[in-house]
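# Coordinate analysis (summary)
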Amino acid sequence: MAFRVGECKAVAGAGFGAALLGALAGSAFADDALKLIELSPNGADACFGRVYDATHLKAHPKQKVARIFFLYGHDPVSRPNEEPPTNSDSSYNGFIATTVRGAKAPEWAGGWCNHGSEDGTSGPIRCGMDCDRTMASLKVDDKGRLIVTDVQPDLYLDAGSEEELGAAEYDRQALGSEDDNFRLDPMPAATCKAEFARIDPIAPALGGPLRERLKPDQAFCYGRDYDAAHLGSHPDQLTQSIRVFRGSVELASFASGGNAANWPDGADIAVTVTTRQKSTKVTQTYSCQGEADQWRCAASSKMSDFSCDIAQKEIFLKRGANGTMMLANPNGSLAIVDLCSKAADGKTQSDDKVYRLQPMPQSACAP
């Protein structure tokens, strides 16, 4: 698992943070969703796909893609979703999944698809993504097949990745020079959904999303105390004890200003950390919102004043197996260090990046 970290990513992946439906483009696209009658005359999910045989691939050695599917419709990947129901399916309505030769699972990206004309009803169809990038251009031929063009080699890579990765690694990760101008056949929507299901198979042990398990009006407490054996085997870990909770203060805050229909957006949580160096507990408040399959929580100054803008300090919560909760601290956003210090800038340097927390009685999270 990998947490998404909220940066501007090209791919809409389904891992524990590596890439993302990212920050969704917003509800501005909700009115435009599922109005491309060329793709879906009746407004239902529409699926197009193609699996290339060995003969085709041998004749096109610079084509890496062996399987490609395009779904125009509702999100087939982010399940179970942590976003409020009011925000579901509001932005992304085009999804592409490709499997390159030898890969066990597809990669995928999501975008919003609209006509390029001013009236929005004619002209080429362009599917855009975050960061003002193009996912693909679309048109339907006279046989009902979907022609997919303008697919960029770096579809699943971040902007500037060629310079960051180097030419050899970029070429390995990027799509091939012949991975464009795909001609896809109409298929049942269930076929596309089955293909996208290969990306992030549902793990029964994970259970339902946090927003269903943790109610707006109920307190909770998760935590972990690390023993001497664990700390001895993790000499670079600073955290000795950690708690994540909502108590009376956080419940009252949401009751006065939150909207249960938008849960978990606006949910305050508190995180208490005790480090090896200091026996004193330090508590920091965060304000959370649902984002794809995790809660993205920004540090809040409600409890004390800070010399910097700590709203840029973020942690991420995600459901873990068998009732646990995972917490990610990718960028020095826990109070194991001063959040305004240089030590909190950039990536977390110590071994305090990901925590697996157990449910605890509320008394274990008492201030």
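Details of the structure are given in the entry above.
Anyway, here's the lowdown on the structure attached to this text.

About the criteria used
- Residues numbered from 1 in each chain as written.
- Predicted model: local features only at pLDDT ≥ 70, side-chain atom pairs only at ≥ 80, totals over all residues.
- Heavy atoms only, no water.
- Helix = DSSP H or I, 4+ residues; strand = E, 2+ residues; numbered from the N terminus.
- Contact = heavy atoms within 4.5 Å.
- Areas by Shrake-Rupley, 256 points an atom, 1.4 Å probe, with all protein chains shown as cover.
- Patch = residues over 30% accessible without salt bridge, like charges linked within 9 Å, V, L, I, M, F, W, Y side chains within 5 Å.
- Salt bridge = Lys/Arg side-chain N within 4 Å of Asp/Glu carboxyl O.
- Lys, Arg positive; Asp, Glu negative; His and termini not counted.
- Charge placed at Lys NZ, Arg CZ, Asp CG, Glu CD.
- Buried < 20%, exposed > 50% of the residue type's maximum accessible area, 1.4 Å probe, protein only.
- Pairing = 2+ DSSP bridges.
- Axes fitted to C-alpha atoms, helices over the stretch in contact; angles between N-to-C directions.
- Disulfide = S-S within 2.5 Å.
- Polar contact = N/O pair within 3.5 Å; in protein donor to acceptor, adjacent residues only side chain to side chain.

## Observations regarding the overall build of the protein
- The number of helices and strands found in the protein is seven helices and 16 strands.
- Residue pairs at least 24 apart in sequence account for 61% of intrachain contacts in the protein once pairs closer than 6 positions are excluded.
- Of the roughly 17200 Å² of accessible surface on the protein, 51% is carried by carbon and sulfur atoms.

## Here's the deal with a negative patch on the surface
- Together, E162, E163, E164 and D171 give the surface a local cluster of negative charge.
- Of all the elements, helix α2 (residues 161–165) adds the most residues to the negative patch, at three residues.

## Examining the pattern of salt bridges
- By the definition in use, this model includes 11 salt bridges.
- Among the ionic pairs, R133 bridges to D154, the shortest N-O distance being 3.0 Å. Residue R133 is located in strand β6 (residues 133–140), and its partner D154 is located in the loop between β7 (146–149) and α2; the two are separated by 21 residues in the primary sequence.
- Of the charged contacts in the structure, one is a salt bridge between R172 and E169, with a shortest N-O distance of 2.7 Å. A residue pair is termed a helical-turn pair when its members lie 3 or 4 positions apart in one helix, as R172 and E169 do in helix α3 (residues 167–173) at three residues.
- Classification of E169 as partly exposed rests on a relative accessible area of 28%.
- One network of salt bridges, in which partners are shared, links R67, E195 and R198.

## Let's talk about the pairing of strand β14 (residues 314–319)
- Taking burial as the measure, the six residues of β14 include six buried ones, the bulk of the element.
- Going residue by residue along β14, you find E314, F316 and K318 tucked away on one face and I315, L317 and R319 tucked away on the opposite face as well.
- Pairing of strand β13 (residues 294–299) with β14 involves four bridges; the strand directions are antiparallel. Paired with A298 across the strands is E314, a residue of β14.
- Both β14 and strand β15 (residues 325–328) contribute to a ladder of four bridges, which runs antiparallel. In the sheet register, F316 faces β15, and the bridge partner there is A328.
- Two successive antiparallel strands, β14 and β15, enclose a turn made up of five residues, where N322 displays a positive phi of approximately 55°.

## Things to note about the sheet that holds β6
- One closed barrel holds the eight strands; their spatial order is β1-β2-β3-β4-β5-β6-β7-β8, and the pairing between them is antiparallel. Taken pair by pair, the neighbouring strands of this sheet meet at an average axis angle of 30°, ignoring direction.
- For β6 and β7, the ladder comprises four bridges, and the chain directions are antiparallel. Paired with V140 across the bridge in β7 is L146.
- Lying over the sheet, helix α4 (residues 189–197) contacts β1 (46–51), β2 (65–72), β3 (94–100), β4 (107–115) and β8 (182–187), oriented at roughly 120° with respect to β2.

## Points about the sheet that holds β15
- Spatial strand order, β9-β10-β11-β12-β13-β14-β15-β16: eight strands in a closed barrel with antiparallel pairing. On average, adjacent strands in this sheet sit at an angle of 30° to one another, irrespective of strand direction.
- Inspection of the sheet shows strand β9 (residues 220–225) paired to strand β10 (residues 239–246) by six bridges, in the antiparallel sense. Across the sheet, D225 pairs through a bridge with S241, a residue of β10.

## Some words on the state of the cysteines
- In total, this model carries four disulfides according to the counting rule given.
- Disulfide pairing places C47 opposite C192 at an S-S distance of 2.1 Å. Handedness here is read from the sign of the S-S torsion; for C47 and C192, about 85°, the answer is right-handed. Residue C47 is found in strand β1, and its partner C192 is found in helix α4; the two are separated by 145 residues along the sequence.
- Each sulfur in the disulfide pair C113 and C127 lies 2.0 Å from the other. One disulfide, between C113 and C127, carries an S-S torsion of 110° and so falls in the right-handed class.

## With respect to the side chain of D179
- Topologically, D179 is positioned in the loop between α3 and β8.
- A polar contact is formed between the side chain of D179 and the backbone nitrogen of K64, at a distance of 3.1 Å.
- A polar atom in the side chain of D179 sits 3.0 Å from the backbone nitrogen of V65.
- The contact partners of D179, leaving out residues within four places of it in the chain, are K62, Q63, K64, V65 and V151.

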